[in-house]
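# A look at the structure
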Amino acid sequence: GIKTFCSSSDGQKHEAPKRLDKVERKRKRLQRELARRVKGSKNREKTRMRLARTYEKETNVRKDFQHKLSTELVKENGVLVFESLNIKGMLKNHHLAASIQECSWGTFLNMVEYKSEKYNRQFVKIDRWYPSSKTCSKCGTKKESLKLSEREWTCPHCGAKLDRDINAAINIKNE
C-alpha cells in the first residue's frame with residue numbers, strides 16, 4: 001500500500017520509509033539553482049555535483065530500506081506470496097503516482113525474488129485480478145463495491161470488521 005509499504009498475513013504492517021521531505025526540498029532547490037547557472041561555468045559544475053549527490057542519497061535511503069525489509073521477510077518465511085500489481089496502470093492516477101514511484105514495488109519484488117532463490121525459499125505471485133481486498137477472509141463473501149478510500153470495512157454476511165490490507169494479505173496467503 002501507500003500508507004504502509006506492505007502487510008503480512010500474520011497482521012504485521014511494515015511502514016513505508018518516511019518521505020524524504022528534507023532531501024526532496026534540497027533537491028528541488030539545487031535544481032532551480034542549477035537552472036540559473038551559466039552553462040560551462042565552474043559554479044554550475046559544483047552545483048551539478050551537489051545535485052547528483054542528493055539524488056544518490058535519496059536512492060540509497062530507499063534501496064537500504066528495501067534490502068533490509070526483503071532480507072528480513074525472506075529469512076523469516078518459507079513461502080512468500082505476492083500479488084502481481086499493474087504498476088504502470090496505477091501510475092496513470094496522477095494523485096498517487098509520486099507516492100507509488102517512491103515506494104518502487106517492482107524493485108522490491110525483484111529483490112525478494114532473487115533473495116528467496118538464494119535462501120531456498122518459495123516465491124509465488126498470484127494473479128492481479130484476484131479480488132483479495134473485496135473478499136472476506138472469514139466467510140468468503142465478496143463485497144462488490146469497495147472504494148480505495150475505505151481502509152476498514154464490515155462484512156455484510158458475517159459481520160466481521162476487516163482491515164483492508166490485512167484481509168488482502170490473508171486472502172493472498174489462502175489463495
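Structure: above.
To start, this report covers the structure provided alongside it. Keep in mind that what you see is a predicted model, and the values were worked out from it rather than measured.

So, how was this worked out
- Residues numbered from 1 in each chain as written.
- Predicted model: local features only at pLDDT ≥ 70, side-chain atom pairs only at ≥ 80, totals over all residues.
- Heavy atoms only, no water.
- Helix = DSSP H or I, 4+ residues; strand = E, 2+ residues; numbered from the N terminus.
- Polar contact = N/O pair within 3.5 Å; in protein donor to acceptor, adjacent residues only side chain to side chain.
- Core = buried A, V, L, I, M, F, W, Y, C linked by side-chain atoms within 4.5 Å.
- Buried < 20%, exposed > 50% of the residue type's maximum accessible area, 1.4 Å probe, protein only.
- Contact = heavy atoms within 4.5 Å.
- Salt bridge = Lys/Arg side-chain N within 4 Å of Asp/Glu carboxyl O.

## A word on the side chain of serine 104
- Its place among the elements puts serine 104 in the loop between helix 4 (97-103) and helix 5 (105-118).
- At a separation of 2.8 Å, a polar atom in the side chain of serine 104 contacts the side chain of glutamine 66.

## What about the nonpolar core?
- Formed by 15 residues in total, the largest nonpolar core has its most connected members in Phe5, Leu69, Leu80, Phe82, Phe108 and Val112.
- Put simply, the parts of the chain that give this core at least two residues each are strand 1 (4-7), helix 2 (42-76), strand 3 (79-83), helix 4 and helix 5.
- Every residue in contact with phenylalanine 5, bar those within four places of it in the chain, is listed here: His14, Glu15, Ala16, Phe65, Gln66, Leu69, Cys103, Trp105 and Phe108.

## Here we look at the pattern of salt bridges
- All told, the structure shown has seven salt bridges when counted by the stated rule.
- Salt-bridge contacts for glutamate 33 lead to arginine 50; the nearest nitrogen and oxygen are separated by 3.1 Å. Here arginine 50 lies in helix 2 and glutamate 33 lies in helix 1 (residues 21-36), a separation of 17 residues in the sequence.
- Judged by relative accessible area, glutamate 33 falls into the buried class, the value being 15%.
- Take arginine 50: its relative accessible area is 34%, and that puts it in the partly exposed class.
- Linked through salt bridges whose partners overlap, the residues forming this network are Arg29, Glu33, Arg37 and Arg50.

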